[in-house]
Each structure stands twice: as structure tokens, then as C-alpha cells.
Amino acid sequence: MSDTTTGRPNVVVVLADDMGWGDLGCYGSAVPTPNIDRLAAEGVRATNCHSASAVCTPSRYALMTGRYAWRGPLKNFVLMGHGPALIEPDRTTLASMLHDRGYTTGAFGKWHLGLGWRHTDGTVRDAFAPGAPLHDDGDTDFGRDIDYTAPVTGGPTELGFDRFFGIAGSLDMPPYAFLDQDRTVGVPDREKQRYLTEQRRGLQVEGFDESECDVRFTREAVAFIEQASGPFLCYLAPSAPHRPNVPPEFVRGRSGLGARADGVCLVDWAVGELRAAIEAKGQLDDTLFIVTSDNGAVTYFTDDGDIRLHRPNGDWRGQKGDLWDGGHREPFVARWPGQVPAGSSTDAPICLTDILPSAAAATGDAVPVDDGRDILPILTGTEAGDPDRPIVHHSLGGRFALRAGRWKAIFSAGSGGGFSEPSIDNLFATGSGKPHTAPPWDAQHPAGQLYDMESDPGETTNRWDDEPELVARLYDVLRGICVDASSGLAFDVPLPAPAG
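Residues numbered from 1 in each chain as written. Predicted model: local features only at pLDDT ≥ 70, side-chain atom pairs only at ≥ 80, totals over all residues. Heavy atoms only, no water.

Quick notes on the overall build of the protein chain
- On a plain count of helices and strands, the protein chain comes out with nine helices and 19 strands.
- Looking at the protein chain as a whole, 61% of its 500 residues are labelled buried.
- Put simply, the protein chain shows about 18,000 Å² of open surface, and 49% of that area lies on carbon and sulfur atoms. (Helix = DSSP H or I, 4+ residues; strand = E, 2+ residues; numbered from the N terminus. Buried < 20%, exposed > 50% of the residue type's maximum accessible area, 1.4 Å probe, protein only. Areas by Shrake-Rupley, 256 points an atom, 1.4 Å probe, with all protein chains shown as cover.)

Take a look at the structure:
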């Protein structure tokens, strides 16, 4: 039964890490994902859903706040594990909104939105201080100047979550330690003993085992669900299938497509565990259950699997970090019996900024957010959605694109400073791992791109030179969205002139 006083649903959001549009069985993948496929069969599958960024931190900020992250201090790239707290203390979040409505709220897994770590000199970095450095050059200090015995500030428990158990950043970032509420579990006091693929140097706690992280997050989430006495929000953010791919033994080899695809199977297992816990309480049909991902999959690592056998981003061009659709078009499955029609699908343009206002509509009154929209009428099938809705895309390198109706304008060359060529070599040209605010562009590529996503969904034919007036109109729409009434212009990218 749902909350007998109000009839409001529980809200479950599972946000996978780097899981692409083509990773799930219900999107045509050969990877076995029976639990998520079952949710899709019992609910709705969105085919035109986009993350608010093509990389982790800004995408998660947008989901939590309903607001594009570039409106705040983070204009490109991501935070590292010791990055400062990025969400303002008074900002409404998905958790604080539901907490204020009497929900018990829990977050489990990857946070990656910064924390107020106390340094040994007593200082705490402030992301909002003028000129504050946000990028740590890969945490080159190894966290040795952090007082890990002190509680962190600005984290989940100060932003509306009653319960938090997880990690600070990604599994390739120090500190290599769990966090329970506002403290590390143990003290990261030793150099990491064994480095896996892509992991940055740093400190760990004794016995830290990456392969058990998502299992632990899931078990903590299940315990939270079992103990919740009223309506609850459960936000589970697995580290899978982000690198390093170290699936536990019970899912290793399940996909037959390599360790990364096994990581997708691990996400599916976690969804099944949450479903079973909710079903055991008799509340499954009184739960809005959402499964999605923060950005597209990385595809340039050959050890992640053969993309001839499995295309994690489907047929969309590009990969994580890119302005092409492979960077930000996401799987999105939602189940809520009696509200969401079983076996339905929608091609309406939606964005992960929409989760907060939609959860608000499902549980009470609407709440104002800067960029998200209530898409509950789309998910329930009572409205078709606005096919011309403009959505802003943002890349690893901090470049912009705008989707509006059938058109997509990319105000950058190449991938926009993403992981696909050209741009990735230029982005890291300094060798420091710290991105430029405006990476240099390959002279062989035009200054911008325009694609007709109806006739050319693979983004193969650039119409930039053919439609200069349309490009200018789309740019005006982008600038109109990016003007923030409280802080002025959130970006200032000059319109590139058409080539020739």
C-alpha cells in the first residue's frame, strides 16, 4: 500500500554511470537486462531522453536541482573526489522537496557533486568564491592535506537526504573509501595498494575493494527501503558501468560481451534487488520507479568490449563527453501502474532536469525550477509533449548545442571538446588533465554543425553552410535560455561564422 494518509507514491531513481542508450535489452541490446526490461514492459520507455550534460558532475547537478549546471560555477569538465560542494545550501533539490513533504529520503552510491572537505589547515574550499579553482588536476595532492577525521559539509545530508552511503566521486578517483552520512568509513591513510585501469593516484582505507562497491550500495538501499515507515525517496547511483570495470564474481561473464557489459548486468541486478524489497512491502504498484543514466558510454577503450558486437550508444554518433547524441541521449524507463500505461513509449524530447518537477507533480504541488519541466503528462500518456521543445546540450569541454524540433545546432567543431576526435587531444594539450575553457579547434573542421535529426539522425550531413538564417535563429534561442535573470549571462560564446 502507498502512504495511506496521502496516497502519494514512493519515488525510486536509479542513475547508472556511463550506461548508454543502447546498453539495455529493451533498447535492442544483446546485454541481458531482464529486470529493467520488465519495468519497461510494465511502464514507459522514452527514446528521446537527454542528460543535461555529456559528463557526470553537471548531469547529476541538473537531475538533483532541475537546473543546468553551467548556470553555476562549473562551466566544463567534472569535479574530482576532493572537489568542493557544488549545490548551494538553499537550492531546492529532489531530496529537500520530498523531505519537506514528509518523505524519508536516502541516497546510495556515487555522489560526485562535491563535498566540503576540511583541510589540515582548517580551511574548506568554496566553489562559489570568486575565482575558486574547481578542477584539481587529477587530485595531484593525493588528498594528503585533508583531515579525514572531520565530517564533510555541503553533502547529501545537508541537501535533503536523511540517509547517505556512498563514495565521493567515481571509482577512478581518490579517496578510495566509503562515506557514511558525513564521514568516511575508516581513515584513508595509506597509498592505494593496487591501481586498476584509469584510477588516479591517491589514498585508501584498509581493504577497500572496488568490486564490492555497487553490491554494498544496493544492500544499503534495500535496508533503507525495508526500514522506511512512510513514503520514501530512494536514489541509487551505481558506479557501474563506469571504468574501472570490476564486476563481482556473481555477474562476471553474464553478458558474454566483456567486463563493461557485465557492469550493465550489475545495474540490472541492483534494480531487481530494489524491486524485490519494495514488492515485499506490498508497495511496488505505489512506486514511481525510474531507471536512467548520467551520460553516454565511452567507446574508445578497446578493452571495454568490441563495439562491432555491442554498440553501447546504439546507432547514435559519438560517446561520453561529446555534443553528438551518443554523448547525452539516455535510456529512460519509468513504471507507475495505474498512472503510466504498460508497454508504452514516447519520442517526446525530455531531459533529466525534468525528474525533479515531475516527482513534485506526482507527490503534490508543482515547484519552480529553472530548466526542468513536468513530464508526468507525457509519461502517463495524457499529453504527447512538445516536439519543438528546445533542450540545451553541454560537452566535457564546455561547448554548447541546441536541439529544437527536427534541428540540432552544435556551436563548436567536432565533438565539442568531448572524447571523440577532434578535440580530445587539444583539450588535454597541456598534459595536466586540466581543461581549457575554450579548447582550440581543428582547422580542417567548420566552426559549427547543423543536423536535421529527422532525416539524418546519425548526424552525418552538416547543413551549417546551407542554413545560415536558421543557425542564427537557433543561436538566439540558445542565448535566450542561457540568460539567467539573477546572475546575468551564463555563457558567452560568440556565434561562429559559417565556413567559406
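Here the narrative resumes, following the displayed structure.
Some thoughts on the nonpolar core
- Grouped together as the largest cluster of nonpolar side chains are 56 residues, with contacts concentrated most on Leu63, Leu94, Tyr235 and Phe332.
- Among the elements that line this core, the one with the most residues is helix H6 (residues 355–363), at five residues.
- Discounting residues that sit within four places of it in the chain, Tyr235 has contacts with Val13, Leu15, Arg60, Leu63, Met64, Gly106, Ala107, Phe108, Lys110 and Phe161.
- Counting residues in hydrophobic clusters, the runner-up holds 51 residues, among them Ile167, Phe178, Val205 and Leu257. (Core = buried A, V, L, I, M, F, W, Y, C linked by side-chain atoms within 4.5 Å. Contact = heavy atoms within 4.5 Å.)

Considering the packing of helix H4 (residues 213–227) against helix H5 (residues 259–280)
- Contact pair H4 / H5: the axes reach a minimum separation of 9 Å and the direction vectors enclose 15°. Comparing the axis directions of H4 and H5 gives the class roughly parallel. Crossing angle aside, the handedness with which H4 passes H5 is right-handed. Across the interface between the two elements, Asp214, Val215, Thr218, Ala221, Val222 and Ile225 of H4 pack against Leu266, Trp269, Ala270, Glu273, Leu274, Ala277 and Ile278 of H5.
- Its residues assigned to classes, the contact of H4 with H5 comprises ten nonpolar, one polar and two charged. (Axes fitted to C-alpha atoms, helices over the stretch in contact; angles between N-to-C directions. Parallel < 35°, antiparallel > 145°, perpendicular 65-115°, else oblique. Left-handed = near helix turned anticlockwise from the far one by under 90°. Nonpolar A, V, L, I, M, F, W, Y, C, P; charged D, E, K, R; others polar.)

Some words on the pattern of salt bridges
- If you walk through the whole model with that rule in mind, you get 38 salt bridges.
- For Arg308, the salt bridge is made with Asp306, and the minimal N-O distance between the two is 2.9 Å.
- In this structure Arg308 comes out as exposed when scored by relative accessible area, which is 74%.
- Looking at Asp306, the relative accessible area reads 30%, which means it is partly exposed.
- Linked through salt bridges whose partners overlap, the residues forming this network are Arg38, Glu42, Arg275, Asp285 and Arg335. (Salt bridge = Lys/Arg side-chain N within 4 Å of Asp/Glu carboxyl O.)

What about the sheet that holds strand E15 (residues 400–404)?
- Pairing is antiparallel across the open sheet formed by four strands, whose spatial order is E14-E15-E16-E17. Unpaired on one side and paired on the other, strand E14 (391–394) and strand E17 (449–452) mark the two borders of the sheet. Each strand of the sheet is rotated relative to its neighbour by a mean of 15°, with strand direction disregarded.
- Across four bridges, strand E16 (residues 407–410) lies against E17 in antiparallel orientation. What sits directly across from Ala409, in E17, is Leu450. (Pairing = 2+ DSSP bridges.)

Brief notes about unusual backbone geometry
- Cis geometry is adopted by the peptide bond preceding Pro175, which originates at Pro174 and carries an omega value of 5°.
- Examined against the element boundaries, Pro175 turns out to sit in the loop between strand E4 (163–167) and strand E5 (179–180).
- Note the cis peptide between Arg243 and Pro244, where omega equals 0°.
- Examined against the element boundaries, Pro244 turns out to sit in the loop between strand E9 (232–237) and H5.
- For Phe77, which is not glycine, the phi torsion reads 60° and is therefore positive.
- Assignment of secondary structure puts Phe77 in the loop between helix H2 (56–65) and helix H3 (94–100).
- The exposure class of Phe77 is buried, given its relative accessible area of 9%.

A short note on helix H9 (residues 468–482)
- End to end, H9 covers 21 Å across 15 residues, agreeing with the expected 21 Å (1.5 Å per residue, within 8%).
- Among the residues making up H9, those that are buried are Leu470, Val471, Leu474, Tyr475, Leu478, Ile481 and Cys482. Seen along its axis, H9 keeps its buried residues to an arc of 135°; they face one direction. What points out from H9, more than 90 degrees from its buried face, is the exposed set Glu469, Asp476 and Gly480. (Expected span 1.5 Å × (residues − 1). Arc of directions from axis to C-beta.)

Let's talk about empty space enclosed by the protein
- Taken as a whole, this structure holds four cavities of 30 Å³ or more when the rule is applied.
- A volume near 100 Å³ is recorded for the largest cavity.
- As for the largest cavity, its lining consists of 16 residues, of which Asp214, Ala240, Val246, Pro247 and Leu266 are closest to the centre.
- Secondary-structure elements contributing two or more residues to the lining of the largest cavity are H4 and H5.
- For the lining of the largest cavity, the element with the most residues is H5, which contributes three residues. (1 Å grid on protein atoms, 1.4 Å probe; cavity = no way out; pocket = protein on both sides within 12 Å on 5 of 7 lines; lining within 4 Å. Points joined across faces, edges and corners; volume = space filled by probe spheres on them.)

Thoughts on the layout of surface pockets
- Considered as a void within the structure, the second largest pocket measures approximately 310 Å³ in volume.
- If you go around the second largest pocket, you meet 17 residues; those closest to its centre are Asn48, Asp347, Pro387, Gly405 and Glu454.
- Split by residue class, the lining of the second largest pocket holds seven nonpolar, three polar and seven charged.

Re the packing of aromatic side chains
- Considering all chains together, one arrives at 19 aromatic pairs under this definition.
- Aromatic side chains Tyr68 and Trp70 sit 5.0 Å apart centroid to centroid with 15° between the ring planes, which places their arrangement in the stacked category. Of the two residues, Tyr68 and Trp70, both sit in the buried class.
- Sitting over the ring of Phe301, Arg243 keeps its end group 3.6 Å from the ring centre. (Phe/Tyr/Trp six-rings, centres within 6.5 Å; stacked < 30°, edge-to-face > 60°. Lys NZ or Arg CZ within 6 Å of the ring centre and 35° of its normal.)

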